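A look at the structure
So you can see what is in the structure, the chains are spelled out below.
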Amino acid sequence: MNNSYSENEITPFEELTENDGVEKLSGISESNHRAGKSTARSSAKGFLKRAAAAGLAGAMVLGAVGGCGSSQKTDVSSNDSHDFNLFGNSDKEDDNAGAGAGTTGEFDAESSDVIKKTQEIEKYIDGYFYFDEDDTKREESYYDGLMKGLDDPYSVYYTKEEYEKMMEDDSGEFEGIGATVSKNRDNGTVYVVKPIAGSPAEKAGLLPNDIIVSVDDLEVTSDMELDYVVDHIRGEKGTEVVLKIYREGESDYIDIPIIRDTIENKTVEYEMLDDNIGYISVEQFIENTPELFEEALDDLQSQGAEGVVIDMRNNPGGLLRAVIEMVDYIVDDKEVAEGSGEPGLLLQTKDKDDNILEEYKCSDGHSVDIPMTILVNGNSASASEIFTGCLKDYGKATVVGTTTYGKGIVQSVIKLSDGSAIKITIAQYFLPSGTAVHKVGVEPDKEVELDDDLKQKVTIEHDEDNQLQEAIKTFD
């Protein structure tokens, strides 16, 4: 499966948390995380444990932060800053000599085995490393390595600068190239999900499924976090970025120069199709998405819509509160989903001990009674999976397309005392029926693959869109 981002700069979002998968590139926005950081040694007195195992990155909407996993911002106080030293107080006695690298039991960074091994590595670096060393990178890469050692692509470390950038408010407009990108979970490649119609990316010739090989002078490797790649693609309006891409069927790589611009973040579009069938496309979930969605649904019904297709294809997710509000608008507060014993239950989050951390229920007193069909694909992630799964559990919609991405975990963003931060997975989402989404996705009621000749098209006309046509047939 693939991780995605949407350059409309919405990346895994603060409340939903990286869509393991899809991010928008309006400035390239973000389903993974900061990757590709230099793994150098740590500060002068300390040493630096080389960053461990590169994690897969996930999909996000390039730009904002977070995806579909509730991100809670927490300030954690600690002692004043001091010289970086991996081992802390060097005079501390080692009560666990032998517990550490290469042994069984819990890892202990202060054990004699770990200290001995890291000192040995440090000695060889001091004696043989050819290039100049950057003390800041050495220290930051240590913290980065602590999070990568968890082997979770969603648990990451942010420098102070990265955290501040991540917390910037999304406004509906972004500067970038205008495309959605994702990361393939199986091979780590970063690929284009879809350029936004009329965007600099489309005008420059970028196509769906193009694989990004490099961004300017940055070679994109499989161990890089999607966020990191996205940060290099984003930039100020009027500046140029050159993407080297691999395109199936071409004998050589293609260099595509793109002039960044301001990208309008249109999250909801709608129209009335033939035979009184309404069509609503939801690109992602941000602050204004619920209001726009509800207006679209109401307007289509006022025009006499007898059924509505809701297109969630390539939707990387976004804010949890946004998707909950949208589902709440449709589902009756007193209704009980199949497999659930609680009226109006929409979502639960549970920790690793199966304790319920949060419950989300219907509360607005509003419901919509009209046949609905939801279109999804493998790039529908996080919040879009919650939307789809909830309405499927309540029997409010038929699902057509292919199995969704499978991003259903919760991250908490914790600000550290020096202004940096960590994002760490703390829980998993469960649909009203008690079903988990993570690494499973939501299966369609009717599986329909997009025709091969359409997969590299930026704009697909309704009459040639075989998935949409199958969705429309569900109302017959």
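A short tour of the structure in this document, coming up.

What follows deals with the state of the cysteines. All chains considered together, the criterion is met by zero disulfides. Of all cysteine sulfurs in the structure, the one in Cys390 sits closest to Cys362, which takes part in no disulfide; the separation is 8.4 Å. With relative accessibility at 10%, the residue Cys362 sits in the buried group.

Applying the stated rule across the entire model yields 19 salt bridges. Across the pair Arg321 and Glu287 runs a salt bridge, and its minimum N-O distance is 2.3 Å. Of this pair, Arg321 sits in helix α7 (residues 320-330) while Glu287 sits in the loop between β14 (277-282) and α6 (289-302), and the two are 34 residues apart along the sequence. Among the salt bridges present, the one from Glu464 reaches Lys457, with a minimum N-O distance of 2.8 Å. In this structure Glu464 comes out as partly exposed when scored by relative accessible area, which is 28%.

The contact between α7 and helix α8 (residues 383-393) brings their axes to 9 Å, and the two run at 20°. Of the possible angle classes, the one that applies to α7 and α8 is roughly parallel. Between α7 and α8 lies a crossing of right-handed hand. Here Leu320, Val323, Met326, Val327 and Ile330 of α7 come into contact with α8, specifically with Ala383, Ile386, Phe387, Cys390 and Leu391. In terms of residue class, the contact of α7 with α8 is built from ten nonpolar, no polar and no charged.

Backbone geometry places Asp216, a non-glycine residue, at a positive phi of 55°. Structurally, Asp216 can be placed in the loop between β8 (211-215) and β9 (218-219). Among the residues examined, Asp216 registers a relative accessible area of 40% and is labelled partly exposed. The residue Asp275 is not glycine, and still its phi comes out positive at about 60°.

Cut-offs applied
Residues numbered from 1 in each chain as written. Predicted model: local features only at pLDDT ≥ 70, side-chain atom pairs only at ≥ 80, totals over all residues. Heavy atoms only, no water. Disulfide = S-S within 2.5 Å. Buried < 20%, exposed > 50% of the residue type's maximum accessible area, 1.4 Å probe, protein only. Salt bridge = Lys/Arg side-chain N within 4 Å of Asp/Glu carboxyl O. Helix = DSSP H or I, 4+ residues; strand = E, 2+ residues; numbered from the N terminus. Axes fitted to C-alpha atoms, helices over the stretch in contact; angles between N-to-C directions. Parallel < 35°, antiparallel > 145°, perpendicular 65-115°, else oblique. Left-handed = near helix turned anticlockwise from the far one by under 90°. Contact = heavy atoms within 4.5 Å. Nonpolar A, V, L, I, M, F, W, Y, C, P; charged D, E, K, R; others polar.

Honestly, that's just the spatial picture; any functional story needs more than this.
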